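Chain and residue survey
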Amino acid sequence: MPLCSNGSARLIAMIAFVTGLGLQACASGGGGGMSPSTPTTPTTPTSPQTPAYYETAEYFSQYGLRQMNVSHAYHNGGFGQGITIAVIDSGIDSSFRELQGREHPDSTSIWEEQGGTLGDYGSSHGTAIGAVIAAARDGFGMQGVAPDVSLLDIRVDRGVPNTELGGSFPYYTETDLALSIDYAITHGANIISLSLARPPSAYENGGADIYAALRRAVDAGLLVTIGTANYTGDTPIEDRVVGDWIPVSFAEDPAMRGQIVVVPALNSNDELADFSARAGRLAEFAISAAGADIYVRLDGNAANIVNGVSFSGPHIAGALALMMSAFPNLTGPEALEILYDTARDLGEPGIDDIYGHGVPDFAEAFAPQGQTNIKSAGSEWRTDIAALTTAPSGAFGDWVWQTELFDDAVFLDRYDRLYSVANQLERRRPTRMGIDAFEAAAEAGMTPARVTRIGQSGHVALRQPDPAYNPYSQLDSEMTRPTSALSLTYREGDLEVSAGRGFAAPPTLTGIGQPVLAPSAFTGQTFALGSGAAWSSARWQSDRFGLVVRNSGTQAQGARSAAFTWAFGEQTLAFELGSISERHRALGGALARRFGAGDQSDSHFQALNWVGALPAGWQGAARLEVAHADPALPAGMTLTETPVATAWTLAAERSWMGGALGLTLAQPLRAERGRVTTRLAVDIDADWNLIHAERSGSLTPSGREMSAELAYRRSLFGADLALAARYTSQPFHVESARDNLALWLGFQSRY
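Per chain, residue numbering runs from 1 following the sequence as it is written. In view of the model being predicted, local features appear only for residues whose pLDDT reaches at least 70, and side-chain atom pairs are presented and counted only at 80 or more, with totals across whole chains, interfaces and linings using the full set of residues. To obtain the side-chain values, all non-hydrogen atoms of the structure were used and water was disregarded.

**Observations concerning a nonpolar patch on the surface**
Basically, it comes down to this: Within this analysis, patches are made of residues with over 30% relative accessible area and no salt bridge. Like charges are joined at 9 Å or less; nonpolar side chains (Val, Leu, Ile, Met, Phe, Trp, Tyr) at 5 Å or less. Reported accessibility uses the Shrake-Rupley method at a 1.4 Å probe radius. Residues are deemed covered only where the shown protein chains occlude them. Definition used for salt bridges: Asp or Glu carboxyl oxygen within 4 Å of a side-chain nitrogen of Lys or Arg. A run of H or I in DSSP counts as a helix once it spans at least four residues, and a run of E counts as a strand once it spans at least two, with each numbered from the N terminus.
Where nonpolar side chains cluster on the molecular surface, the patch consists of Leu495, Val497, Trp540, Phe545, Leu547, Val549, Phe564, Trp566 and Phe568 and spans about 780 Å² of accessible area. Among the secondary structure elements, those contributing two or more residues to the nonpolar patch are strand S19 (495-501), strand S21 (545-553) and strand S22 (558-568).

**Some remarks on the pattern of salt bridges**
When charged atoms on two side chains of opposite charge get close, those side chains can pair. Threshold: In this scheme, a residue with accessible area under 20% of its type's maximum is buried, one over 50% is exposed, and one in between is partly exposed, where area comes from a 1.4 Å probe on protein chains only.
Summed over all chains, the structure comprises 23 salt bridges. A salt bridge links Arg491 to Glu496, with the nearest nitrogen and oxygen atoms 3.7 Å apart. A relative accessible area of 23% means that Glu496 is categorised as partly exposed. With a shortest N-O distance of 2.9 Å, Glu576 and Arg623 are connected by a salt bridge. With Glu576 in strand S23 (residues 571-583) and Arg623 in strand S25 (residues 619-631), this pair connects stretches of sequence that are 47 residues apart. Arg623 matches Glu576 in its accessibility class, with the two residues each being buried.

**Brief notes about the packing of helix H6 (residues 174-186) against helix H7 (residues 208-219)**
Spelled out, the test is: What counts as an axis is a line fitted to C-alpha atoms, over the stretch in contact for a helix, and the angles between N-to-C directions run from 0 to 180 degrees. Angle categories are assigned with fixed cut-offs, so that under 35 degrees is roughly parallel, over 145 is roughly antiparallel, 65 to 115 is roughly perpendicular, and the rest are oblique. A contact between two residues is defined here by any heavy atoms of the two lying within 4.5 Å. Residue polarity follows a fixed list, in which Ala, Val, Leu, Ile, Met, Phe, Trp, Tyr, Cys and Pro are nonpolar, Asp, Glu, Lys and Arg are charged, and the others, Gly among them, are polar.
The interhelical angle for the contact between H6 and H7, taken along N-to-C directions, is 5 degrees, at an axis separation of 8 Å. By the angle class used here, H6 and H7 are roughly parallel. On H7, the residues that touch Glu174, Thr175, Leu177, Ala178, Ile181, Asp182 and Ile185 of H6 are Ala208, Asp209, Ile210, Ala213, Leu214, Arg216 and Ala217. Here the contact of H6 with H7 is composed, by residue class, of nine nonpolar, one polar and four charged.

**Observations concerning the side chain of Ser729**
You can see Ser729 is positioned in strand S30 (residues 719-729). Take Ser729: its relative accessible area is 18%, and that puts it in the buried class. Those residues within four positions of Ser729 in sequence are excluded, and the remaining contacts are Arg704, Glu705, Met706 and Asp739.

**Comments concerning the pairing of strand S27 (residues 659-684)**
Rule in force here: Being paired, for any two strands, means DSSP has found at least two bridges between them.
Bridge analysis of strand S26 (residues 637-656) against S27 gives 16 bridges, and the strand direction is antiparallel. Within S27, the residue paired with Ala651 across the bridge is Thr664. Hairpin connection, S26 to S27: the antiparallel pair is bridged by two residues, and Met657 has positive phi, about 50 degrees. With seven bridges joining them, S27 and strand S29 (residues 706-716) adopt antiparallel strand pairing. Counterpart to Leu663 in the pairing with S29 is Leu710. Bridge count between S27 and strand S28 (residues 690-698): nine bridges; the pairing is antiparallel. When the sheet's bridge partners are listed, Thr678 is paired in S28 with Arg695. Counting the residues in the hairpin turn of S27 and S28 gives five residues, including Trp688, whose phi is positive at 65 degrees.

**Here's the deal with the side chain of Ser109**
With respect to the secondary-structure elements, Ser109 resides in strand S3 (residues 108-109). With residues near it in sequence (within four places) discarded, Ser109 still touches Leu118 and Arg155.

**Observations concerning the pairing of strand S4 (residues 150-155)**
Most of S4 is tucked away: six of the six residues are buried. Both faces of S4 are covered, namely the face carrying Ser150, Leu152 and Ile154 and the face carrying Leu151, Asp153 and Arg155. Where strand S2 (residues 84-89) lies against S4, six bridges are found, and the strand directions are parallel. Note that in S4 the partner of Ile85 across the bridge is Leu151. Across two bridges, the pairing between S3 and S4 is parallel. Counted as the bridge partner of Ser109 is Arg155 from S4.

Laid out in structure tokens, this is it:
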């Protein structure tokens, strides 16, 4: 019974410190894209199971790869395999080490296809473009965006200089370019990379033949990537526009169906390169990529640094190849839509006239998009990854990450891309569990309370929470009740009757103080799950035998128990039988809720309690309980093994330095067995239809939460002081979760 004077109230000053064991530092900031750093080689050995495995020195030599998070594409199996990119340019010298084995067997010179003879004039422009797209991932020199892609090299020029342009560029005609586009269509290209543009007056038919060829390409499902335009470095950004140059200006024509991709060039700081035209009026069809200071090294000779929108377009061609190779069911336009939808925003929010959609982000592009649609074979239940990975809680803890139920399960996203459920679960595996439990004690501790005696036979206790102060969430049910709390106790002879609303129901056996941070530990962890706002208790105790009957809540959400007690000497034992009904949870956590249904459970439990004297002036207490649950499950899922959960608490307390020193060891309610069975999608057939099969999985968590609390209480200067330290391992029964340490100081004065 609390020892408070009539009409007293308590004012609490509390200090709590909680830390996850193992130091961590983190920082966050808003706005903008990622800031590039000096390329470095990872110093920690990595595994192919993580994107970091692919982030080598060769990878970091190309900031454009890092800028797009390309390692996430490699991690998911996208290297460009099975995809053909037609490079229509000055030709590719595939004899270089980085380009060997990349050339498509149908590569050609379009002038020679017409019966012409190439002149001696040549350019390395096309070779550099081919390297940006497909240089080998071999630990040497440079690495292309899509190292396993096939390059259909279509040389468009005639081997002579263009005298109208000062003789610095190869000469080609409108007919040559139109025929090159048609050649790409008929020889299996998926993507065309164009890094050339001229005004309409430079073409013999004003660009009409090129327009017609591009129409044929998009009608055939091909994508075309083109850089915006190059300007001298002193041209103001507002003057750097695409204009009417061909073929880039055709992108806005509705007949092109959005399949011409315009690519402004970026520098390594995620800014528009000082030579690049902005997206301008073509922003809807634009996405940006690296084009400034591009590192090119093809053999053992010195590296070259190249600049221009000629190299931003090839980055996007390679990016599209990664997406299409990883997901063969995607069409080119679908792959492009994903890159647009998942791009990392640059500049003004949304699509803007400088960067268009932003820059590709493969970390996001390879994540499931839209409703994930994980469901049973007959759609009796349906859920998504967010619901399935609801935070671990209750006796089942992190069972959904531990169970074999989803080992080979798959699902489709809004683009019908196939994903492994197990892989998505692993990416969301909890490692840092919340420490809400300790924080919630502060809320309870700072709540005003009043205890009043009624003659010699009883007392009334009242607690009124402050509705304006709610910074914490959960320690145990006693410390989180948002309602007012009132209790009344009456004693007559060997009979004691109590009733209340709020507060924890009294434990089966008394005689030892409760833990500071778990005031309902000896009330019973299973009983507490069913506790409602109101409770009642009747206790009859003779010299040796006793009976305790407790009731809490309602039939729909409540707990009921009866216990027989036996006292002998300084020891007392109790055996308790009870049942609970839960709504909106199962054994304190989420089960059916993870599958789009509502949680509820009916359980019965048995508990063995002990309180008694120990040597050296110590008093001890123990409680062991076993619960059998019957949780509700969604249609299409069956319970094949009844869940059984256990919990236990051990405590010892003695007088020390004018107060009471206590030690408590406990394991909260944990599922020890239980299995469910359902039919899940496990594969797809040749027509991309899901194949379903029956799968079974355990409901037990990966870890076992254990806690130890050392506490000290005493009266000091007319007030009550409480000190506590609690160490918790594997919180919420999550084996990989960090251990927690809580330090607690509570001071309550009476006035």
